[in-house]
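Working through the structure, step by step
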Amino acid sequence: MITVNIERTYDLLWGEISDKLSITEFKSPQVVGDTVLMRVVIEPHPDPLLPNVYNLAIGPPIGDSAIDDNVRLRHVDSGRVFSTAILFALTFLTEFPETIIGLDGTDDLRATLYHSMFIANRESMGEYFETIGVDWYVKLLRNQIDIERNNDGTPFFKPRPEAFDYSRTRHDLYRYYMFELKN
Amino acid sequence: MNSHVQGKIDDIKKLAARPKAGHVVSSGTKRQSTDGLSMAIRTQKDADTFMTELKAIRKKAS
């Protein structure tokens, strides 16, 4: 279980905060004894139709602003790693309060991680954030048999956001996770 | 917000305002072309509906 405590974070080595790209780095001790440089990136959602939505990513750096989000790491304190990222996200949101941060849960492993993190830290995160879960749904056509489909026959999914439902277990994951500054 | 957390936020903002020695960041070099959400948002209408629903959730929560 990942425990988020934004009063207990790693020291940031440097940082930049802007509406184009926000980035910071810190060192995370590993179980095997060394430390790994970690980078947090908050950048606009790739869809230009969603100008106030930002994506958050965390992982070892690649180049000057990218991250490796596929590498498996064994942090000494995963909670502290995530707390550091969440604190940076909170700082970003206080600078740009109209924005909302999204976490893509398409991959089951990541969705489980985000879902569990939201549930396990309901109180600590709820102090600062509104949390939102997004499901996809498809419309049942009036013939009661078929569903709305794209031209290629695939289901026509639409997003349905709701206030994060804490009664949903990790066996009932959302497809996308979001959090924004609490009013 | 408690004063300790507010202090940490202020410290990060000060850190971010400092000139960076030897580190130049070009914005958005690794932007994905798509993700799960963008696959479900196809048109401006989809996006407007989605953002309106998000606003309604925020309003209800306040």
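Scroll up a little and you will see the structure.
These figures come from a predicted structure and were not determined experimentally.

This brings us to the interface of chain A and chain B. Every contact between the two is made by 59 residues of chain A and, on the other side, 41 residues of chain B. Here chain A packs against chain B, burying approximately 4,300 Å² in sum over the two surfaces, 62% of which is carbon and sulfur. Of all residues in chain A, Glu 7, Pro 46 and Leu 49 of chain A bury the most surface against chain B, accounting for 13% of the area lost on that side. Counting every contact that joins chain A to chain B gives two salt bridges. A salt bridge links Arg 58 of chain B to Glu 180 of chain A; its shortest N-O distance comes to 3.2 Å. Taken together, the links from chain A to chain B amount to 12 residue pairs in polar contact (both at pLDDT 80 or more). With six residues, helix α1 (residues 78–95) of chain A is the single largest residue contributor to the side of chain A that touches chain B. Of the residues in the side of chain A that touches chain B, the class split is 31 nonpolar, 11 polar and 17 charged.

This part takes up the pairing of strand β3 (residues 35–44) of chain A. Consecutive side chains along a regular strand alternate between the two faces of the sheet. Residues and elements named next belong to chain A. The buried fraction of β3 amounts to eight of the 10 residues, a majority that puts the element mostly inside the structure. Pairing of strand β2 (residues 22–29) with β3 involves eight bridges; the strand directions are antiparallel. Bridged to Lys 27 within β3 is Leu 37. Taken together, β2 and the strand that follows it, β3, pair antiparallel across an intervening segment of five residues, in which Gly 33 is found at a positive phi of about 115°. Sheet topology places β3 next to strand β4 (residues 53–59); six bridges connect them, and they run antiparallel. Among the inter-strand pairings, Pro 44 is bridged to a residue of β4, identified as Tyr 54.

Let us look at the environment of Ile 57 of chain B. Its location among the elements puts Ile 57 of chain B in helix α3 (residues 44–61). The class for Ile 57 of chain B is buried, based on a relative accessible area of 14%. What Ile 57 of chain B contacts, discounting residues up to four positions off in sequence, is Ile 132, Pro 161, Glu 162 and Ala 163 of chain A.

Here we take up the nonpolar core. Ile 101 and Phe 179 of chain A are the most contacted members of the largest nonpolar core, which totals 40 residues. Breaking this core down by element, the ones donating at least two residues are β3, β4, α1, β7 (100–104), α2 (108–120) and β10 (176–181) of chain A together with α1 (3–17) of chain B. It is α1 of chain A that provides the largest number of residues to this core, a total of 10 residues. Setting aside residues up to four positions removed in sequence, Phe 179 of chain A forms contacts with Leu 56, Ile 86, Ala 89, Leu 93, Ile 100, Ile 101, Leu 103, Phe 118, Phe 129, Glu 130 and Thr 131 of chain A. Core analysis: the next-biggest nonpolar cluster, separate from the first, contains 16 residues, Ile 132, Val 134, Trp 136 and Met 178 of chain A among them.

Compared with the 26 Å implied by 1.5 Å per residue over 18 residues, the 26 Å span of α3 of chain B between its first and last C-alpha is a close match. Taken together, the buried positions of α3 of chain B are Asp 46, Ala 47, Phe 50, Met 51, Leu 54, Ile 57 and Arg 58 of chain B. Seen along its axis, α3 of chain B keeps its buried residues to an arc of 125°; they face one direction. Seen from the buried face of α3 of chain B, the exposed residues on the opposite side, beyond 90 degrees, are Lys 45, Thr 52, Lys 55, Lys 59 and Lys 60 of chain B. The inward-facing, buried residues of α3 of chain B contact β4, β7, β8 (129–137), β9 (158–163) and β10 of chain A together with α2 (36–40) of chain B.

Residue and element names in this part refer to chain A. Along the polypeptide, Thr 131 turns up in strand β8. A relative accessible area of 9% means that Thr 131 is categorised as buried. Here Thr 131 is in contact with Phe 118, Glu 162, Ala 163, Phe 164, Tyr 166, Met 178 and Phe 179, once residues within four sequence places are set aside.

Right, let's talk about α1 of chain A for a bit. Its 18 residues place the ends of α1 of chain A 26 Å apart at the C-alpha level, agreeing with the 26 Å of an ideal helix rising 1.5 Å per residue. Summarising burial for α1 of chain A: 14 of the 18 residues are buried, a large majority.

Tallying each qualifying case throughout the model produces 13 aromatic pairs over all chains. Ring geometry for Phe 118 of chain A versus Phe 179 of chain A: centroids 6.4 Å apart, planes at 80°, classification edge-to-face. Highlighted residues: Phe 118 of chain A in helix α2 and Phe 179 of chain A in strand β10, separated in sequence by 61 residues. In this structure Phe 179 of chain A comes out as buried when scored by relative accessible area, which is 1%. Over the ring of Tyr 174 of chain A we find Arg 168 of chain A; its NZ or CZ atom is 3.7 Å from the centre of that ring. Lying across the ring of Phe 156 of chain A, Arg 42 of chain B places its NZ or CZ 3.8 Å from the centre.

Each value, and the rule that gives it
Residues numbered from 1 in each chain as written. Chains lettered and ligands numbered in written order. Predicted model: local features only at pLDDT ≥ 70, side-chain atom pairs only at ≥ 80, totals over all residues. Heavy atoms only, no water. Contact = heavy atoms within 4.5 Å. Buried area = accessible area lost by both parts, 1.4 Å probe. Salt bridge = Lys/Arg side-chain N within 4 Å of Asp/Glu carboxyl O. Polar contact = N/O pair within 3.5 Å; in protein donor to acceptor, adjacent residues only side chain to side chain. Helix = DSSP H or I, 4+ residues; strand = E, 2+ residues; numbered from the N terminus. Nonpolar A, V, L, I, M, F, W, Y, C, P; charged D, E, K, R; others polar. Buried < 20%, exposed > 50% of the residue type's maximum accessible area, 1.4 Å probe, protein only. Pairing = 2+ DSSP bridges. Core = buried A, V, L, I, M, F, W, Y, C linked by side-chain atoms within 4.5 Å. Expected span 1.5 Å × (residues − 1). Arc of directions from axis to C-beta. Phe/Tyr/Trp six-rings, centres within 6.5 Å; stacked < 30°, edge-to-face > 60°. Lys NZ or Arg CZ within 6 Å of the ring centre and 35° of its normal.

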